Amino acid sequence: MISKRVERSLEIASKIGPDAAIGAYQYFFVRMPIRERRLCLDEISDAWRTWRFDTAAGRLIDTLHFYLHVPFCSHRCSYCVYYSLASPEPAMVSAWFERLERELPFWAEMVESGPLSTMYIGGGTPTVLEVEDLRRLLGMVRSNFRVRPGGERSFECNPLTATDDKAAVFREAGFNRVSFGIQNMHPEVLRGVNRGYQTVARTDETFRIMHDAGFHINIDLIQGLPGEPPDSIKESMRWVFERRPAEITLHRLLPTTPSGILDRSTRKPLKDVALDIGDLAASSGYSVMIFDTVIKLISLSGSPHRDLLADEAAALRQSCGPDAGLCFYSDVPDEPSSVLAIGPDSRSQVLGGLRYRMDRYEPGLPFDGHASIAVGHGISRRDAQSQFVVGGLCRRRAVDLQAFQAAFGEPLEAVFGDSMRDALDAGLLVREGDLLSHASQDWVTRFGAEMLFVSDQAISAADEFKQRYVNNNPGAVGLVVSAGPTRFTVKVFRGLDDARAACRAGDYAFVVPSSPDEGARDVRALGGLFARFFERVVRVDNPDSLDALVSALLTRGSGIRLVASADSVLNGAVMKVERLEQP
C-alpha cells in the first residue's frame, strides 16, 4: 500500500532527475543558501542555557566538542583561509590573554564547565606561543572546564615552532594527539607558498619530538599547490609513510584560497588522487578513505612508538567494556553533538538551537558579553532530528534507532512514526533489528524515501531556491578586474549550480573563464584580494539581485588601494572593476 505522501515524494524525486543522485541530505540541507543574521552574545547565551537544560533532562545528547582558536602564527602561508596574525607583537598577545581571562569563564558558565567530550587547540599555530604562555593558556582552559576521559584532546603545531618543552606542556595538560601540516616536501612548492623555512631536517625533528612525547600523530598534506610537479604529492606521501604517523589527511587546495583562486591547473578530483596513491598506500600499510573534501589514510599496523590516544582507548575498553569507543573531535560532526568554539572566525553549533560563526575580530578586542560579533542561523530540535535521519540514510544507507534515542531522548517512531510506517509499507525501507535501511539501489527511489523525513518547509525552500536561482538565473555578468598592469576577467552569477565556482558568498559566486600562467604571481594575488572583497560586499550589502551585486562591485571595487606583499607590484596599486565588453 503506497500512501499519498510516498507518491508525492517519489513524484518530486523523479522530477528532480539527476540531482537525486546527490541524496536528500545534500539537496535539502547542504547546498541550500543559509539566511544568516547578526547575533549578539545574549541570544547565543540563551541557546546554550536551553541546551544545558535539555541535556540535563535527557532530551538531548550531551556530547560537547571544544575548540580554542590561537589567532597567531610565525609566517602567513599564502594558501591559508583561517584567521591569524603573523609574528604578533607582545602587546597583542597580552591583550588576547586579557580577553580570555574574561571570555573563558563566561562560556564555562553557559555550559556549566562541560564536561567536554573532546578538546582541540588550533589556529593559527598554538606552538608559536612561548612555553610559559602555553602553560598559562592551557591552565586557564583546565581551570574553567572539566574534561571527561575517553576523548580526543588534540593540538596543532608547526615544524618551525615545535620544541620538546612545548610538547611536554601539552602532554602535562592531558593532550593525546597532535596534528601538523607539512603540505608538501618539494622545496620549490614550499617556497612558493611562503613555507621556505620547512626543511627536511626540521620536519624530521618535529616527528622525533612528537613521537618521543607519545602523541598520536596526524600529518596534513595539500594537493594542488601552485607549481606542484605531477608526482610531488606521491613523493611527499612516500616520505611521510616512512615516518609512520598514525594518520595522514590529504586536503585538496580550495579554489577560494589566495594562491588557488586562479591557479587551479594542478588540482585533481580526489578520486583521481586516491587512485594515484592507492598502491603506494597499500604497500606502506595504510587504508585509504575518500570523503567530500579530504582523503584520510590510517595506519593498519598502528604506530611503532607509544601512542597516548591508543592508550586511552585501551583504558576505556578496560573500564567500560570491549565495545566502548573514543569520542573524536569534529567541528562539523556527523553525529548529533554540540561544538563550543572560542576565538575569531570560529564556528559553533548548539544542538537543537543555533549554528553561528564569530566575526574576525582583533584578538585583543576587550570582551563584552553583550556584543554583536557573530552571524548564524537557528536550527530547531526537529531540524536536527531530520538531519540525523536523512544524513544517516544518505551517508551510511541506514539509521540506527538506538542512536537516535540516545541523541534525542525519544524513539524515532515518536517523531517520524507516519514517515517510517509509510516507507516500510511501500517497501522503500526495511527494518532489521535497530537498523532502518534503504531497500533499493535506485537513486530516485532512495531520494523519495529520504524525503519522507524532510519537513514541508525545507521542501518548499528548496523548490523556491531552484525556481529563483537556477531555473530563472538571468545569466552571468562578465567583469574585468585590474590593478596597474595586472588584470583578469571573472563571470559573476547568482545560484549555486556551477561547480566551477572559484569563490562563493551567500547566493552568489564567480568563475574565472581561463587560468593564467603558473608564474603569474601578481594575477593570483589580485585574485585572492578580489575574492575577499567579493565576499565582503555580499555579506555587508546583502544584495537582492545580481544587478545589485554587480552595481556594488563596480562602484565600491574601483579606487581601493591594495596592500599586498612588499615585493609585489600590487602593493599600493589601485584596483579597478569594469564591465567586460562583449565582442
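What this report covers is the structure whose coordinates are included nearby. (Residues numbered from 1 in each chain as written. Predicted model: local features only at pLDDT ≥ 70, side-chain atom pairs only at ≥ 80, totals over all residues. Heavy atoms only, no water.)

For helix α4 (residues 90–110), with 21 residues, the first-to-last C-alpha span of 30 Å sits near the 30 Å given by 1.5 Å per residue. Roughly 30 degrees is the biggest bend found in α4, and it falls at L100. Listed in full, the buried residues belonging to α4 are V93, W96, F97, R99, L100, E103, L104, F106, W107, A108 and M110. Elements in contact with the buried residues of α4: α3 (41–56), β2 (64–70), β3 (72–73), α5 (131–144), β12 (338–342) and β14 (354–358). E112, located one to two residues past α4, shows a positive phi value of around 50 degrees. (Helix = DSSP H or I, 4+ residues; strand = E, 2+ residues; numbered from the N terminus. Expected span 1.5 Å × (residues − 1). Bend = angle between axes of the 7 residues up to and from the residue. Buried < 20%, exposed > 50% of the residue type's maximum accessible area, 1.4 Å probe, protein only. Contact = heavy atoms within 4.5 Å.)

Enumeration according to the criterion identifies zero disulfides in this entry. C80 carries a free sulfur, and the closest cysteine sulfur to it, the one in C77, is 6.4 Å from it. (Disulfide = S-S within 2.5 Å.)

Time to look at the sheet that holds strand β18 (residues 435–438). Spatially, the three strands line up as an open sheet ordered β16-β18-β17, and their pairing is antiparallel. The open sheet is flanked by β16 (398–400) and β17 (429–432), the only strands paired with a single partner. Averaged over all pairs of adjacent strands, the angle between strand axes in this sheet comes to 20 degrees, irrespective of strand direction. Looking at chain direction, β17 and β18 are connected through four bridges and run antiparallel. Pairing of R431 across the sheet is with L436, part of β18. Across the face of the sheet, helix α14 (residues 412–425) comes into contact with β16, β17 and β18 while running at roughly 120 degrees to β17. (Pairing = 2+ DSSP bridges. Axes fitted to C-alpha atoms, helices over the stretch in contact; angles between N-to-C directions.)

The next point concerns the sheet that holds strand β23 (residues 560–561). Spatially, β21-β22-β20-β19-β24-β23 is the arrangement adopted by the six strands of the open sheet, whose pairing is antiparallel. Only two strands of the sheet have a single neighbouring strand rather than two, namely β21 (503–505) and β23. Helix-sheet contacts for helix α18 (residues 546–557) involve β19 (477–483), β20 (486–494), β22 (508–511), β23 and β24 (574–579), and the interaxial angle to β24 is about 145 degrees.

Bringing the packing of aromatic side chains into the picture now. Counting across every chain of the model gives 25 aromatic pairs. Centre to centre, the rings of W48 and W51 are 5.4 Å apart; their planes meet at 85 degrees, and the pair counts as edge-to-face. Here the residue W48 and the residue W51 both occupy positions in helix α3, the gap between them amounting to three residues, near one helical turn. Its relative accessible area of 0% is what places W48 among the buried residues. On the numbers, 5.3 Å between centres and 90 degrees between planes, the contact of F170 with F175 is edge-to-face. Neither F170 nor F175 differs from the other in exposure class; each is buried. Clustering of aromatic rings is evident, with ring pairs tying together F388, F404, F408, F416 and F453. (Phe/Tyr/Trp six-rings, centres within 6.5 Å; stacked < 30°, edge-to-face > 60°.)

Regular strands place side chains that alternate from one sheet face to the opposite one. Counting buried positions over the five residues of strand β6 (residues 153–157) gives four, a clear majority of the element. As judged from the three bridges shared by strand β5 (residues 118–123) and β6, these two strands associate in the parallel manner. Note that in β6 the partner of M119 across the bridge is R153. Handedness of the crossover joining β5 and β6 through α5 is recorded here as right-handed. In the sheet, β6 pairs with strand β7 (residues 177–183) via four bridges, with the strands oriented parallel. When the sheet's bridge partners are listed, S154 is paired in β7 with R177. Each parallel crossover has a hand, and the one from β6 via helix α6 (residues 164–172) to β7 is right-handed. (Right-handed = clockwise from strand over helix to strand, strands pointing away.)

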